[in-house]
Number of protein chains: 2
Amino acid sequence: MARDTVTLRDVADAAGVSIATASRALTGKNRVSKATTAHVSRVAERLGYRVNVFGRALREGTDGAVGVIVPVISNPFYGQLVHSLEEQLREHSLELIIADSHGDVARERERLRMLVQRRVEGIVIVPSDASASLDAVAEAADDVPLVQLDRRVEEAPTDFVGVDNERGIALLVNHLGERGATEIVLVASDDTTSAGRERRAAFDREIARRGLPVLEPILDRFTLEFGLSAAGTIARSRPLPDAIVAGDDLIATGLITGLKRHGVVVPRDVMVTGFDGTMLADICDPALTTVVQPFDQIAAEAVRALLRRTKQRDAPAIYSRLAPALRESMSTARPLAPPDTPAPAGDDAQAS
Amino acid sequence: MARDTVTLRDVADAAGVSIATASRALTGKNRVSKATTAHVSRVAERLGYRVNVFGRALREGTDGAVGVIVPVISNPFYGQLVHSLEEQLREHSLELIIADSHGDVARERERLRMLVQRRVEGIVIVPSDASASLDAVAEAADDVPLVQLDRRVEEAPTDFVGVDNERGIALLVNHLGERGATEIVLVASDDTTSAGRERRAAFDREIARRGLPVLEPILDRFTLEFGLSAAGTIARSRPLPDAIVAGDDLIATGLITGLKRHGVVVPRDVMVTGFDGTMLADICDPALTTVVQPFDQIAAEAVRALLRRTKQRDAPAIYSRLAPALRESMSTARPLAPPDTPAPAGDDAQAS
DNA sequence: CTGTTAGCGCCTTCAA
DNA sequence: TTGAAGGCGCTAACAG
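Residues numbered from 1 in each chain as written. Chains lettered and ligands numbered in written order. Predicted model: local features only at pLDDT ≥ 70, side-chain atom pairs only at ≥ 80, totals over all residues. Heavy atoms only, no water.

Peer 1: Break down the environment of Asp 248 of chain A for me, with residues and values.
Peer 2: All names here are of chain A. Mapped onto the secondary structure, Asp 248 falls in the loop between strand E8 (243-246) and helix H11 (249-261). Residue Asp 248 is classed as buried on the basis of its relative accessible area of 6%. Once the C-alpha coordinates of Asp 248 and Asp 191 are considered, the two residues, 57 residues apart in sequence, prove to be 14 Å apart. Discounting residues that sit within four places of it in the chain, Asp 248 has contacts with Arg 199, Phe 222, Gly 274, Phe 275 and Asp 276. Separated by 2.9 Å, the side chain of Asp 248 and the backbone nitrogen of Ile 251 make a polar contact. (Helix = DSSP H or I, 4+ residues; strand = E, 2+ residues; numbered from the N terminus. Buried < 20%, exposed > 50% of the residue type's maximum accessible area, 1.4 Å probe, protein only. Contact = heavy atoms within 4.5 Å. Polar contact = N/O pair within 3.5 Å; in protein donor to acceptor, adjacent residues only side chain to side chain.)

Peer 1: Can you break down the relation of the copies chain B and chain A residue by residue, with the values?
Peer 2: Look at the two chain copies: a rotation about an axis and a shift along it is all it takes to match them. With an axial shift of 0.1 Å and an RMSD of 0.1 Å, the rotation relating chain B to chain A amounts to 180°. The transformation relating the two chain copies, once decomposed into turn and shift, fits a two-fold axis. Residue Ile 97 of chain B, judged by its C-alpha, is the member of chain B lying nearest the rotation axis, at 2.1 Å. By residue overlap, the copies meet face to face through one surface: 100% of the interface positions of chain B are interface positions in chain A. (Least-squares fit on C-alpha atoms with pLDDT ≥ 70 in both.)

Peer 1: Could you give me a rundown of the protein's contact with DNA strand C, with the residues and numbers involved?
Peer 2: In the vicinity of DNA strand C lie 24 residues, with Thr 21 and Arg 24 of chain A together with Leu 8, Tyr 49 and Arg 59 of chain B positioned nearest. Sugar and phosphate atoms form 57% of the subset of DNA strand C atoms that lie within 4 Å of the protein. Within the side chain of Arg 24 of chain A, an N or O atom sits 2.6 Å from a base nitrogen of DNA strand C. Taking Leu 8 of chain B, its main chain carries an N or O atom lying 2.6 Å from a phosphate oxygen of DNA strand C. Residue assignment for the surface near DNA strand C shows that the elements contributing at least two residues are helix H2 (19-27) and helix H4 (53-60) of chain A together with helix H2 (19-27) and helix H4 (53-60) of chain B. (Near = heavy atom within 4 Å.)

Peer 1: Got a sec to walk through the domain arrangement of chain A? Specific residues and values, please.
Peer 2: All names here are of chain A. Each assigned domain of chain A is listed here: domain 1 (3-51), domain 2 (63-163 + 296-322) and domain 3 (165-294 + 327-332). The C-alpha-based centres of domain 2 and domain 3 are spaced at 28 Å. The interface is formed by 17 residues belonging to domain 2 together with 19 residues belonging to domain 3. Taking both sides of the interface into account, the surface hidden between domain 2 and domain 3 amounts to around 1400 Å²; carbon and sulfur atoms contribute 52%. Three residues, Phe 77, Arg 151 and Val 163, lead the burial of domain 2 against domain 3; their summed loss comes to 33% of the area buried on that side. Viewed at the interface, domain 3 and domain 2 are joined by 1 salt bridge. We note a salt bridge from Arg 321 to Glu 198, for which the minimum N-O separation is 2.7 Å. On the surface where domain 2 and domain 3 come into contact, there are 7 residue pairs in polar contact (both at pLDDT 80 or more). Counting only elements with at least two residues in the side of domain 2 that touches domain 3, the list comes to helix H5 (76-91), helix H13 (295-311) and strand E11 (319-322). Here the side of domain 2 that touches domain 3 is built from residues that sort into 6 nonpolar, 5 polar and 6 charged. (Domains from an automatic or database assignment. Buried area = accessible area lost by both parts, 1.4 Å probe. Salt bridge = Lys/Arg side-chain N within 4 Å of Asp/Glu carboxyl O. Nonpolar A, V, L, I, M, F, W, Y, C, P; charged D, E, K, R; others polar.)

Peer 1: Go over the sheet that holds strand E7 (residues 218-220) of chain A with me, naming the residues and quoting the values.
Peer 2: Residues and elements named next belong to chain A. The strand order across the open sheet built from 4 strands is E7-E6-E8-E9, with neighbouring strands paired in parallel fashion. Sheet topology places E7 and strand E9 (271-273) at the edges, where each strand pairs with a single neighbour. Mean inter-strand twist for the sheet, computed between neighbouring axes without regard to direction, equals 15°. As paired elements, strand E6 (residues 184-189) and E7 share 3 bridges and run parallel to each other. Within the sheet, the bridge partner assigned to Val 187 lies in E7 and is Ile 218. (Pairing = 2+ DSSP bridges. Axes fitted to C-alpha atoms, helices over the stretch in contact; angles between N-to-C directions.)

Peer 1: Go over the sheet that holds strand E9 (residues 271-273) of chain B with me, naming the residues and quoting the values.
Peer 2: Residue and element names in this part refer to chain B. Pairing is parallel across the open sheet formed by 4 strands, whose spatial order is E7-E6-E8-E9. Taken across any chain shown, the strands that pair with only one partner, and hence form the sheet edges, are strand E7 (218-220) and E9. Each strand axis lies, on average, 15° off the axis of its neighbour in the sheet, ignoring direction. Contacting strand E6 (184-189), E7 and strand E8 (243-246), helix H9 (residues 194-209) runs over the sheet at an angle of about 170° to E6.

Peer 1: Help me get a handle on the interface of chain B and chain A, residues and values and all.
Peer 2: Taken together, the contact pairs 56 residues of chain B with 56 residues of chain A. Summed over both sides, the interface of chain B with chain A buries roughly 5300 Å², with 56% coming from carbon and sulfur. By the criterion of area lost to chain A, the three top residues of chain B are Phe 54, Arg 118 and Ile 283 of chain B, representing 15% of everything that side buries. Where chain B packs against chain A, one counts 12 salt bridges. Applying the counting rule to chain B against chain A returns 21 residue pairs in polar contact (both at pLDDT 80 or more).

Peer 1: Go over the protein's contact with DNA strand D with me, naming the residues and quoting the values.
Peer 2: Neighbouring residues of DNA strand D: 24 residues in total, closest Leu 8, Tyr 49 and Arg 59 of chain A together with Thr 21 and Arg 59 of chain B. At the protein interface, 62% of the atoms of DNA strand D within 4 Å belong to sugar or phosphate. Arg 24 of chain A places a polar side-chain atom, nitrogen or oxygen, 3.4 Å from a base nitrogen of DNA strand D. Take Thr 36 of chain B: an N or O atom from its side chain is 2.8 Å from a phosphate oxygen of DNA strand D. Secondary structure elements with two or more residues in the surface near DNA strand D: H2 and H4 of chain A together with H2 and H4 of chain B. For the surface near DNA strand D, the residue count by class is 8 nonpolar, 9 polar and 7 charged.

Peer 1: Got a sec to walk through the pattern of salt bridges? Specific residues and values, please.
Peer 2: Applying the stated criterion across every chain yields a total of 40 salt bridges over all chains. The shortest N-O distance in the salt bridge between Glu 139 of chain A and Arg 113 of chain A comes to 2.9 Å. With Glu 139 of chain A in helix H7 (residues 134-143) and Arg 113 of chain A in helix H6 (residues 105-117), this pair connects stretches of sequence that are 26 residues apart. Asp 191 of chain A is paired through a salt bridge with Arg 200 of chain A; the nearest N and O atoms lie 3.5 Å apart. For Arg 200 of chain A, a relative accessible area of 24% puts it in the partly exposed group. Several salt bridges converge on common partners, so that one network encompasses Glu 86, Arg 90 and Glu 95 of chain A together with Glu 110 and Arg 111 of chain B.

Peer 1: Provide a residue-level description of the environment of Glu 301 of chain A, including the pertinent values.
Peer 2: Residues and elements named next belong to chain A. Relative to the elements of secondary structure, Glu 301 occurs in helix H13. With relative accessibility at 18%, the residue Glu 301 sits in the buried group. When the C-alpha positions of Glu 301 and Gln 88 are compared, they lie 9.4 Å apart, and in sequence the two are 213 residues distant. For Glu 301, the residues in contact, after removing those within four places along its chain, are Val 161 and Ser 320.

Peer 1: For the packing of aromatic side chains, give the residues involved together with the corresponding values.
Peer 2: The full count for this structure, using the stated rule, is 6 aromatic pairs over all chains. An angle of 65° between the planes, with centres 5.2 Å apart, marks the rings of Phe 77 of chain B and Tyr 78 of chain B as edge-to-face. Each member of the pair, Phe 77 of chain B together with Tyr 78 of chain B, is buried. Among the aromatic residues, those joined into a cluster by ring pairs are Phe 77, Tyr 78 and Phe 295 of chain A. Here the basic side chain of Arg 199 of chain A rests over the ring of Phe 275 of chain A, its NZ or CZ set 3.8 Å away from the ring centre. (Phe/Tyr/Trp six-rings, centres within 6.5 Å; stacked < 30°, edge-to-face > 60°. Lys NZ or Arg CZ within 6 Å of the ring centre and 35° of its normal.)

What follows is the structure, given as structure tokens:
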């Protein structure tokens, strides 16, 4: 059973100094003689002393915990994000309290309040709704440093770190263009998420810029199921487009699986691209051409923003967009050639 | 700017009662008149009072947090497990502090110590190594309620909740038998995890029981990469077996992808099964026949065990095995018939 | 450089 | 049923 706890008092007594000196020696913040510091440290070590987090927290006003709220932790994309965050936070000796919002605004509000009440050092959140999340997010941000991750509520004046959706979509459309595609359809998230909005806007812009035909997008949610059903819609409405740009890897994976069931062969009949670069891209068949999010960089940047705001509550809001990288794979490996430069099949090199 | 905090003192003053009465009224544990309780509650409400978690924790010795340690949160299997745990814990108003061990024993020890130091209510851990994790796990279990989940260190006398591996493997081998397989190869985890050990033992037993030929297993780790490389090994060493039982969905997915690259067609040339029932099973092509773990049940049982031990530190250790369910899919949809009963192709019904 | 002292906010024993 | 008071463990003035 739990060995009895040794307190600072015990250390002080054993070391023959006052409790204040012991505290100072151990935290190292204030001036204490080298000798006593060493002595106290040794005694503490010997006694197996560990600070009582609650005592310190009560005094300091916060313990070293950061709250992270994502829609669903079981989604591999958020899994990777949380994984990277955990890594970054650990390097700063911060613990990670995790909470699922289930994509539900009420639940999200409840979790935010909980984190604020626990007086976490800060909150990292992937807001579930681009507008409906506003109140709860703003309220929380008022009480504790908060950074929005990946998605954002535009109206909430908080720090934000995420991928450069515009660049990602441009990379994909450009890639498809090189592969000879002209009729490209978007199957993505509706406007409930900022990522959905931004990717759609970027897509429209890119299509317009290239003077490609404008096809009706199919929009719903970032789910496998949606991808599956969208595949049916597309398969039934022949003629097929040259390519489909999916809102994320999950949708793309659903599309590929669904198209297969309808006898449509990817990439021969239609090319498909994803977004995120999760493990799903490697698993589905054909493997998915996608843009890979720089998970570690994003997490590092988010933590940096959080710590910065901890020190300076009223610093101007950070708005950081990190560039994704194109990863070409089989789902777009079609030997179609652009008007001028014929590209050999299976060539990994990127034509310009 | 954080609105200034209202404390119990404020509530008491505003309500015209002592701080003790206010406390009693709000926690509801002790006897207070109905009237004052209502009154104090109303005042607290009006003032927007929220207990200070640290004050209470300092007093009570613990805050309402539970630590969860998994090898890698980005692995969909652990993602689902954590998701279910979060759900269960929330229902008991417990927060979830998450930590990755990265499958590394030293890291695991460090995280365990951190959780103990934070005086969490309890710890749920998927130990990374069936034997090397012993010291750290036992040490932590000595200080705080701890339940092992999914995998376990046998020597550590703690509560355990996990899937019934024996039953799962039996379901799979039986299914393959019905499909006419006799030469079945195991591609799974080595003995560093209890899940690996148990599944292997169950497999050997099942093969022996049926008098099937004993083939050399290929063992390593629960990773996609291992599945990929094992596929190469198998593809090169013709003749092919009838079927492959993979240690989990990740390995199975790697196998399927790898076999495809080597021109081996699943299930025509060889059938493949998974284990866990993660989303990967639905995504890979052909979709994976696997046994589905009852995630929610497992999580619920784990939390129940934890709470039980919170109340009674010396209760006898719980050892709970929950039954998985077979989910048949395309990766074993081969119209092979057992000697006596011919089974039609694509039949979903389970022969007995 | 070091010791004394005063809380941080809360719960609970002890009295009334 | 209610109030007064102590103390959980820690850190940061404030003295010396």
